[in-house]
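Working through the structure, step by step
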Amino acid sequence: MAKDYDYIIEFRHLTKRFPGVIANDSINLQIKAGETFALLGENGAGKSTLMSMLFGMYEPDEGEIYLRGKKTKIKSPRHATELSIGMVHQHFKLVENFTITENIVLGIEPKKSMIGIPMVDIKGTDIKISDLSREYGLDVNPTDVIEDVNVSTRQRVEILKMLYREAEILIFDEPTAMLTPQEIEFLLEIIRNLKEAGKTIILISHKLDEIKQVADRCAILRNGKLIDVLDVKETSTQTMANLMVGKDVSLDVAKEDSVKGEVILDVKNLFLKNMFDVKIVKDVSFQVHAGEIFSLSGVSGNGQMEIADAIAGLLPIDSGEIFLKNRKINELSIRERTEQGISYIPEDRQVYGLVLEFSLANNLVLKSYYHEPYSNRHILNDEAIFNHADKLIDNFDIRAGKGKDTIVRSMSGGNQQKAIIAREIDLDSDLLIFVQPTRGLDIGAIQAVHQKIIAERDRGKAILLISLELDEIIALSDRIGVIYNGEIQRIADAKDISREEIGEAMMGVAKNA
Amino acid sequence: MYKTIIIDGLAFALPLLIIAIGGIYSERSGVTNLALEGLLGFGAFSGALFIVFLGGHFSQNSNIPIYLSIIMAALGGALYATLFALLCIKFKSNQVIAGVVINILSQAITTFLTRQINQNFFEQPSDKFQIGVFPRISIPVLKDIPIIGAVFDNFYTFNIIIIALLAVTWYLLYKSAFGMHLRACGDNPQAVDAAGIDVEKVRFKAVVLSGALSGVGGICFAYSISANFSPAIYMGYGYLAIAALIFGNWKIMPTFVACLIFGFARSGGNELAKFLQLSSSYLDLTMTLPYILTLLLLIFFSKRNRAPRALGEIYDKGKR
Ligand SMILES: Nc1ncnc2c1ncn2[C@@H]1O[C@H](COP(=O)(O)OP(=O)(O)OP(=O)(O)O)[C@@H](O)[C@H]1O
Ligand SMILES: [Mg+2]
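Below is a short write-up of the structure. Predicted model only: the values in this text are computed from it and were never measured.

**Thoughts on the interface of chain B and chain A**
On the chain A side, the residues contacting the 22 residues of chain B number 26 residues. Between chain B and chain A lies a buried interface of about 2,000 Å² when both sides are counted; carbon and sulfur atoms form 56% of it. In this structure, the salt-bridge partner of Arg309 of chain B is Glu147 of chain A, at a minimum N-O distance of 2.5 Å. At the junction of chain B and chain A, the tally comes to nine residue pairs in polar contact (both at pLDDT 80 or more). Of all the secondary structure elements, the ones that give two or more residues to the side of chain B that touches chain A are α5 (158–175), α6 (177–187) and α7 (189–194) of chain B. Ranked by residue count, the leading element in the side of chain B that touches chain A is α6 of chain B, at six residues. The class makeup of the residues in the side of chain B that touches chain A is nine nonpolar, five polar and eight charged.

**Structural notes on the sheet that holds strand β1 (residues 9–18) of chain A**
Residues and elements named next belong to chain A. The strand order β2-β1-β4-β5 describes an open sheet built from four strands, whose pairing is antiparallel. Each edge of the sheet is formed by a strand with only one pairing partner; in this case those strands are β2 (21–31) and β5 (70–72). Taken over all neighbouring pairs, the strand axes of this sheet differ in orientation by 30 degrees on average, direction set aside. One ladder, built from seven bridges, connects β1 with β2; its direction is antiparallel. Looking at β2, one finds that Glu10 is bridged to Gln30.

**Here's the deal with helix α9 (residues 237–247) of chain B**
In an α-helix, one full turn covers 3.6 residues, which means residues spaced three or four apart are oriented alike. In terms of burial, α9 of chain B is a largely internal element, nine of the 11 residues being buried. Of all the positions in α9 of chain B, only Tyr237, Gly238, Leu240, Ala241, Ile242, Ala243, Ala244, Leu245 and Phe247 of chain B are classed as buried.

**A word on the packing of aromatic side chains**
For the structure shown, the criterion picks out 19 aromatic pairs over all chains. Aromatic pair Phe129 of chain B and Phe229 of chain B: ring centres 6.4 Å apart, planes at 35 degrees, arrangement tilted. Linking Phe129 of chain B in strand β1 (residues 129–130) with Phe229 of chain B in strand β4 (residues 228–229), this pair joins segments that are 100 residues apart in sequence. Here Phe129 of chain B falls in the buried class, since its relative accessible area comes to 1%. With a centroid separation of 5.1 Å and an interplanar angle of 70 degrees, the aromatic rings of Phe134 of chain B and Phe158 of chain B are classed as edge-to-face. Highlighted residues: Phe134 of chain B in the loop between β1 and β2 (136–137) and Phe158 of chain B in helix α5, separated in sequence by 24 residues. Summarising the burial analysis for this pair, Phe134 of chain B and Phe158 of chain B share the class buried. Taking the ring centre of Tyr370 of chain A as reference, the NZ or CZ of Arg335 of chain A above it sits at 3.6 Å. The aromatic ring of Phe396 of chain A is capped on one face by Lys452 of chain A, whose charged end is 4.4 Å from the ring centroid.

Thresholds, definitions, all that
- Residues numbered from 1 in each chain as written.
- Chains lettered and ligands numbered in written order.
- Predicted model: local features only at pLDDT ≥ 70, side-chain atom pairs only at ≥ 80, totals over all residues.
- Heavy atoms only, no water.
- Contact = heavy atoms within 4.5 Å.
- Buried area = accessible area lost by both parts, 1.4 Å probe.
- Salt bridge = Lys/Arg side-chain N within 4 Å of Asp/Glu carboxyl O.
- Polar contact = N/O pair within 3.5 Å; in protein donor to acceptor, adjacent residues only side chain to side chain.
- Helix = DSSP H or I, 4+ residues; strand = E, 2+ residues; numbered from the N terminus.
- Nonpolar A, V, L, I, M, F, W, Y, C, P; charged D, E, K, R; others polar.
- Pairing = 2+ DSSP bridges.
- Axes fitted to C-alpha atoms, helices over the stretch in contact; angles between N-to-C directions.
- Buried < 20%, exposed > 50% of the residue type's maximum accessible area, 1.4 Å probe, protein only.
- Phe/Tyr/Trp six-rings, centres within 6.5 Å; stacked < 30°, edge-to-face > 60°.
- Lys NZ or Arg CZ within 6 Å of the ring centre and 35° of its normal.

So, in structure tokens, the structure goes:
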């Protein structure tokens, strides 16, 4: 192919400011056609912002974008689409009650004519979508309705949306954050297929091994500045991690043996049903002691999230009993459970964890605002709330443009997560439930959170950890319960069970050894 | 007797349906529409205004002005809905409050104008516009079929117009690109925006169409119920249409069924009162039948119904 340009994308001195932060600081970057290019950086480093400018969602304050050698002002996502740029966002944009095909063709509907009347041709397009999805190994059923399909399928629909619009440049913003290990493998394979087909791919990820697996080159951002551009093959993950954080990081956490105390949480014969009346948790019993980290390990969708919801009071119990410090809490409201000593870091931070339109300071007192010193006779005490916020922002390294006054919606995904963790640990509860605590966090932050969790354990707290990342489970747990299909397969001390044994039990292979 | 029940039932159910479809258009696009009552009233007023001023220019027995009045009612409803759309979409005001305001305003304006016009142009103190009787026809042969033949017997010709509109609106909502965009707006406007479609424009059109359809329903009610336009048109039929569309799960065909049930309940109640030879004061009681039925149906059957996901949500582009 004869090209009259060296780089398909070129950023020249690109700068974007938000109140209080320079999200991108004079970025110079070139990306070659047909390469898979990764963006790496801490939470809030400016990765999403940089890509939003390429996709026409934000206008740069300074600098230019050159597309295929020509200086281009990208005015809107629509304009970006016309320029053959596609983006899969951190949060999907799909119409829930439409089929997969309807979602893909939305805005560029194919027409047919029936007895002279023009109509949208969905049936005829189903076949085309089928073909397209097979071509790239995407595997979706075009007639399925979005509300019935899982996260990984939704993501594939977003990819198909780009392909159907004949995008040449594909941007993925943390595409693996929501996926299970198997789904991640699948996605990486898709990305390889796309590269094979000649697409230019930009991948934002915090997971170094993924970048190692699929990317050719990798740019490292820190505090809005471009630090370095590396050849992935010739760089170790350790070097990438160090460059990203700006100092040496260790990839594992040190931890002493646990000092087990009394039983804090006692779950007995728990049965749960989901909203379609299907049994999803069957006869689950386990205990969590003070001073230990007990984790539930399992492939996503095997009932572990529901157990956490039931303990926190978000999901009604079908049968069974839950005791907290020998007191039955089955009938208690969510707030009563919090007062009795439960902290909860939920899976979906934007729905259950935060009020996105509130300031950071207010979000940090969401579970304690009605107490002294944050309120006096039902009047909020701003000074106490602000002091509290400053303390947590400092302790937990929460990075936000306007500090405690930042509206949470504008914070980067990773920093939203840090805010929830800070608030929940600060409640000083006897039981802390962590569900996917490090999803979307950069390595530096993951390490910090892991240290906090261990510190809480050492202070004598009981910790229930639910995670899809086997690495995280193995790094932190004192005891491990493996769940499959709503049943506990096995409970063992962490030192008595190997990684392979956990893996097998997660697949339901070894039953009650 | 069943004949009267069917004939009167249809004459009520079909105008109700076209108003409910108007509601569906607006709500499926994501705009809560409590303004149906006001829209149907304003539409009826516009149609009646046309009759009292220009109806006389046509020959004595011509039906043309009557059909033209339906078009005028649609235009009047659409015009008034533009105000509602401006409030909800352009100025992003609360849709429930805007709807209620539109209703109150409609009743006040049309009542005032009717009185003033009667006073100043026709020199009679009345709050009614006489609009005449809508033509009725029967279809030979078909009307002699046992029981269902009643559907073809002595019916208002507006029934045909409404059935035709039913077909057109069904096609537009479910088969056209515009309808697809409209339904997508009521579910996830962010997705629509990302697809390069202007959410506000789609919603604006949906609300204006909703006004036009309500206007048609309003003028048909005015003809069939009283042969005149008066503030008595504000009897809560707009709210009944909302109940019908909720009961119909915001879908056109199930809503059609709901309207038929309401229509037959009403005409059945009337016949029952006559049959029992109750004094006319009991008529008020039997008139409540459709509303009581609404309550019962809503309690028992609408639990699983789901409103459009983005219903009532003001669309804000900047949200990420
Ligand atoms: N719309 C906005 N308004 C105000 N500040 C913003 C906005 N978008 C981003 N920011 C700020 O710009 C900085 C960069 O944010 P960005 O979302 O690009 O980070 P990121 O590298 O994608 O982080 P993460 O890995 O956590 O997703 C952050 O400090 C963030 O708070
Ligand atoms: Mg981001």
